[in-house]
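# Coordinate inspection notes
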Amino acid sequence: MEAVLQTKGLLSLPSKPNPRAFNLLPAQGLRHRFTPLKAKPLDGLSLSLNGLSRFHSFATNPHGVFQKNRTFHICRAEAAAAADGQPLFGEPESPKFMGIEIVTLKKIIPLGLMFFCILFNYTILRDTKDVLVVTAKGSSAEIIPFLKTWVNLPMAIGFMLLYTKLANVLSKQALFYTVILPFIAFFGAFGFVLYPLSHYFHPTAFTDKLLATLGPRFLGPLAIIRIWSFCLFYVMAELWGSVVVSVLFWGFANQITTVEEAKKFYPLFGLGANVALIFSGRTVKYFSSLRQSLGPGVDGWAMSLKAMMSIVVGMGFTICFLYWWVNKFVPLPTRSKKKKEKPNMGTMESLKFLVSSRYIRDLATLVVAYGISINLVEVTWKSKLKAQFPSPNEYSSFMGDFSTATGIATFTMMLLSQWIFNKYGWGVAAKITPTVLLLTGVGFFSLILFGGPVAPVIAQFGMTPLLAAVYVGALQNIFSKSAKYSLFDPCKEMAYIPLDEETKVKGKAAIDVVCNPLGKSGGALIQQFMILTFGSLANSTPYLGGILLVIVLAWLAAAKSLDTQFTALRQEEELEKEMERAAVKIPVLAEEKEDGNGSFVGGPALNPTGGDSASGSSTSSPRNL
C-alpha cells in the first residue's frame, strides 16, 4: 500500500456496471470483496491485463475499464521484485546452482575458459617474440623501437581498417572465425615451417653489406630486413593481445552478458587472467629447459618452439570450440537497436579538444607518460637481459620466471587495490604507479651508470652489476605492470565518471585517437633518435634516464592536479544529488484506516449502484481503489 503507481484505470469501475456481475450478497459491500488486496499483499503480485479477465463485467465494458490517469495502491514487494529482476507471480523461477542461474553459468564458465586460453597464449607469444628478435644473430634490443614504430603500428592500423570493412559484410560468428583462424595457422606454420627454414629465406648477406656501408648505428632498422620472419612473428604476437583480447573476446563478452552479470563476473576474469599468466610462465620455463636433456647438435630452441606453438594452436582451437558452443546452446540476451554513437573525431579535432580542457589534458598526460616511461625502461632492460642471457633458451627461461612473477604480483595487487581505494582514495591510488616506476627506474639506471663503483658491494651478494641491473629492471617491469593493471587502469576509467556526458564521450574519443598511439610510439621515437644520434642504447643511457625522470615528474604533477579536480567534481556531484533529493516531491495519499468490520474509514466509499452504500456515502462518479 506504500507505492503509488500511475495506470490506465485497470481497477476503475464503470459508471453503470452490471450488478449481477459482482454477485454480491446484500449484507456484503463491494469494499469487503476487495479488502484482501490491502490486508494480504502478495510478493510478486502482478496487476496486469491477464488478471483483469477474471472480472467478467470489466471485460464487457472496456470503455469504462481502460480510463486514463488513474492511481491505485500496490504493495512494495511487487516493485522490489520487478526491480531485482525476480520472476513475477505465476512465472517459473529459473533453476540455480549455488545461487547463480544455470543460464548465467552456461555463459560465464565458457567465457572464463576462453579468457584463460587467450591470455595463456598471449603470455607464451609475448615471451617468445622478445627472444626471437633480441637474441637473433645480427640483431639486438635496439630493433624493438624501430619495429614498434615502422612495422607494428602500420600493421595495426591496416588490420583495423580491414576489420571494419569485414564487419560490414560478415556475420558476427563468421567475423570471429575469419579473424582468429589466420592467427592460429600462422603460429603453427611458424613453429614447424618458417623457423626451421628461416636460414634459407633471410637476406643475411644483403643486410651485412648494407650494415658495412651505413655503420653500426643502423643495426636496428637493418635487422628488421635481416630477420623479417621473426619480426612478422613479433607483430602477430602483439596483434594477438590487441585484437583477440580486446576486440574479439571483450566484444563477444559484452554481446552475451547483461550489465548485472558483468558487474559480478568481469572482475573475476581479471583474476583468472593472472592465473593464466602464472601457468603460462611455468610452461615457458619448462620447455625452455628442454635443451639440457637433448643430445649434442640438436637445436634446443627449435624443439622448444615447436612444443610451445603446438600448445598455442591447441588453445586456439579450444577458443573456437567454446565460442561455437556458447552460440549454439546458450540463449543470448536481446539488445536494443538504439545505440549511442561515439563522436567520430579526427586527429586535429581531438588535439583541439585536448588543449581546451585542463581536466582532459591532465588525463591525457597520465596515458602518454605511462606509455613513454614503460617503453624507455623496458627496451634498455632487454638489452641488458640479452647481455646476461645470450642463449635463446636461457633468455626464454628467464622470461618464463618473469611472467610467473608478474602474474603473482598483479593478482596480489588486484586483491589490495580495493582496500587502497577505500582507505586512501583516488589520488593516492593514481600516484602509486608513477612512484613505483620512478623509484625502480632510478635504481635501474644507477646500476647501469655507476656499476663500477658499487661492484664490490654487489659482489658480496654473489652478483655482478649487470646481473643486478637485470634483476632490478625485472622488478621495475613487474611492479609497474601490476600497478598498471590493478590501479592505473581503474583510476583512468574512474576519472571519466564525474564528467558531463559531452566531455566524457568526447574526451575519451580524443584520448583514444591521440594519446594511446602517442604513448606507445613516443618512447620508441625517443629511443630511435638517441640510437641514431649516439650510436647505441648503451651510449644514450644517461640521457634516457634524464628523460624518464622529467616524464615521471610531469606524470605525478598531472595526477596531483587531476586529483584536485576529480575531488571537486565528486563533491559537486554529491551536492547536486542532495539538492535533487530535496526537490523531489512524492505524491502520498492519505492513509486509509479500517474499522472493525473491515470497511475503509477516511476515504471515499465505493458505490457501484449509485445508491446508498453500507458506509452511508452516495456518489454517482466512479472511484479508484
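Criteria and thresholds
Along each chain, the written sequence defines residue order, and numbers are assigned to residues from 1. Where totals are concerned, whole chains, interfaces and linings use all residues; where local detail is concerned, this predicted model gives features only for residues with pLDDT of at least 70, and gives and counts side-chain atom pairs only at 80 or more. Neither water nor hydrogens contribute to the side-chain values; these are computed over all heavy atoms in the structure. Every helix listed is a DSSP run of H or I at least four residues long, and every strand listed is a run of E at least two residues long, numbered separately from the N terminus. The buried label goes to any residue with under 20% of its type's maximum accessible area, the exposed label to any with over 50%, and the partly exposed label to all in between, with areas taken from a 1.4 Å probe on protein chains only. All accessibility values rest on the Shrake-Rupley procedure with a 1.4 Å probe; residue burial counts only the protein chains present in the view. By convention in these notes, a salt bridge is any Lys or Arg side-chain nitrogen within 4 Å of a carboxyl oxygen on Asp or Glu. Patches draw on residues past 30% relative accessible area with no salt bridge. Two like charges within 9 Å are joined, as are two nonpolar side chains (Val, Leu, Ile, Met, Phe, Trp, Tyr) within 5 Å. For this analysis, a ring pair means two rings from Phe, Tyr or Trp (six-membered ring only for Trp) whose centres lie within 6.5 Å, classed as stacked if their planes differ by under 30 degrees, edge-to-face if by over 60, and tilted for the remaining angles. One less than the number of residues in a helix, times 1.5 Å, gives the span that helix is expected to have. The quantity called bend is, for any residue, the angle between two axes fitted respectively to the seven residues ending at it and the seven beginning at it. As used in this record, nonpolar core signifies buried Ala, Val, Leu, Ile, Met, Phe, Trp, Tyr and Cys residues forming a set joined through side-chain atoms within 4.5 Å. Every residue pair with non-hydrogen atoms within 4.5 Å of one another is taken to be in contact. Predictor confidence is given residue by residue as pLDDT, running from a minimum of 0 to a maximum of 100. In this description, a line fitted to the C-alpha atoms serves as the axis of each element, helices being fitted only across the stretch in contact, and the angle between N-to-C directions of two axes falls anywhere from 0 to 180 degrees. Throughout, the term roughly parallel applies to angles under 35 degrees, roughly antiparallel to angles over 145, roughly perpendicular to angles from 65 to 115, and oblique to all others. By convention, the crossing between two helices is left-handed when the near helix turns anticlockwise from the far helix through less than a right angle, and right-handed when the turn is clockwise. Gly is put with the polar residues, along with every residue not named as nonpolar or charged; the nonpolar set is Ala, Val, Leu, Ile, Met, Phe, Trp, Tyr, Cys and Pro, and the charged set is Asp, Glu, Lys and Arg. Whenever a nitrogen or oxygen atom comes within 3.5 Å of another N or O atom, the pair is scored as a polar contact, on the condition that within protein one atom can donate a hydrogen and the other can accept it, and that pairs from neighbouring residues in sequence are kept only if both atoms are in side chains.

So, about the overall build of the protein chain. Scanning the protein chain from N- to C-terminus turns up 22 helices and six strands. Within the protein chain, the proportion of its 625 residues that are buried is 44%. Surface summary for the protein chain: the accessible area is close to 32700 Å², and the carbon and sulfur share equals 63%.

Summed over all chains, the structure comprises nine salt bridges. With a closest N to O distance of 2.2 Å, Asp208 and Arg226 form a salt bridge. Of this pair, Asp208 sits in helix α11 (residues 204–214) while Arg226 sits in helix α12 (residues 219–226), placing them 18 residues apart in sequence. What makes Asp208 partly exposed here is its relative accessible area of 36%. With a closest N to O distance of 3.3 Å, Lys481 and Glu378 form a salt bridge. Taken together, the residues span a long stretch of sequence, with Lys481 in helix α20 (residues 465–494) and Glu378 in helix α17 (residues 358–388) at a distance of 103 residues. Here Lys481 falls in the buried class, since its relative accessible area comes to 11%. Exposure remark for Glu378: the relative accessible area of 11% places this residue in the buried category.

Bringing a nonpolar patch on the surface into the picture now. Taken together, the side chains of Phe192, Val193, Leu197 and Tyr200 define a hydrophobic patch exposed on the protein surface, amounting to about 430 Å² of accessible area. With respect to the helices, strands and loops of the structure, Phe192 is situated in helix α9 (residues 172–194). The exposure class of Phe192 is partly exposed, given its relative accessible area of 46%.

This paragraph deals with the packing of aromatic side chains. Counted by the stated rule, this structure contains 35 aromatic pairs. Ring centres of Phe252 and Tyr323 lie 4.6 Å apart, and the angle between their planes is 55 degrees; on these two criteria the pair is classed as tilted. Of this pair, Phe252 sits in helix α13 (residues 228–256) while Tyr323 sits in helix α15 (residues 300–329); the two residues are 71 residues apart in sequence, bridging distant segments of the chain. A residue is classified by how much of its surface remains accessible, and Phe252, at 2% relative accessible area, is buried.

Further remarks concern α13. For α13, which comprises 29 residues, the first-to-last C-alpha distance of 39 Å matches the rise-based estimate of 42 Å (1.5 Å per residue) to within 8%. The sharpest bend along α13 comes to roughly 30 degrees, located at Leu239.

Let us now look at the nonpolar core. Counting residues in each nonpolar core, the largest one holds 134 residues, and the members touching the most others are Phe187 and Trp240. Sorting elements by how many residues they give to this core places α13 first, with 17 residues. Non-local contacts of Trp240, meaning those with residues more than four positions away in its chain, are made with Ile118, Asn121, Tyr122, Leu125, Ile180, Phe183, Phe187, Val245 and Ile319.

Mean pLDDT for the protein chain: 73, with 68% of residues reaching 70 or above. In this model residues 1–17 is a low-confidence stretch, pLDDT under 50, and it forms 55 contacts with partners more than four residues away in sequence or in other chains. Segment residues 19–91 is flagged for pLDDT under 50; beyond a separation of four residues in sequence, or across chains, it makes 107 contacts in the model.

Interhelical geometry of helix α8 (residues 143–169) versus α13 gives an angle of 45 degrees and a closest axis separation of 10 Å. Put simply, α8 runs oblique to α13. You can see that α8 and α13 cross each other, and the crossing is right-handed. Contacts between α8 and α13 involve Ile143, Ile144, Leu147, Lys148, Val151, Asn152, Met155, Ala156, Phe159 and Tyr163 from the first element and Cys231, Leu232, Tyr234, Val235, Glu238, Leu239, Val243, Val247 and Leu248 from the second. Counted by class, the contact of α8 with α13 contains 16 nonpolar, one polar and two charged residues.

For Gln173, the location among the structural elements is in helix α9. Since its relative accessible area comes to 35%, Gln173 is described here as partly exposed.

Right, let's talk about the side chain of Gln527 for a bit. By the element assignment, Gln527 lies in helix α21 (residues 501–534). Looking at Gln527, its side chain comes within polar contact range of the main-chain oxygen of Asn375, at 3.1 Å. Once residues lying within four places of it in the same chain are set aside, the contact partners of Gln527 are Pro145, Asn375, Leu376, Val379, Thr380 and Leu544.

All right, on to the environment of Ser310 then. Among the secondary structure elements, Ser310 is positioned in helix α15. As a C-alpha pair, Ser310 and Ile184 span 126 residues in sequence and 9.8 Å in three-dimensional space.

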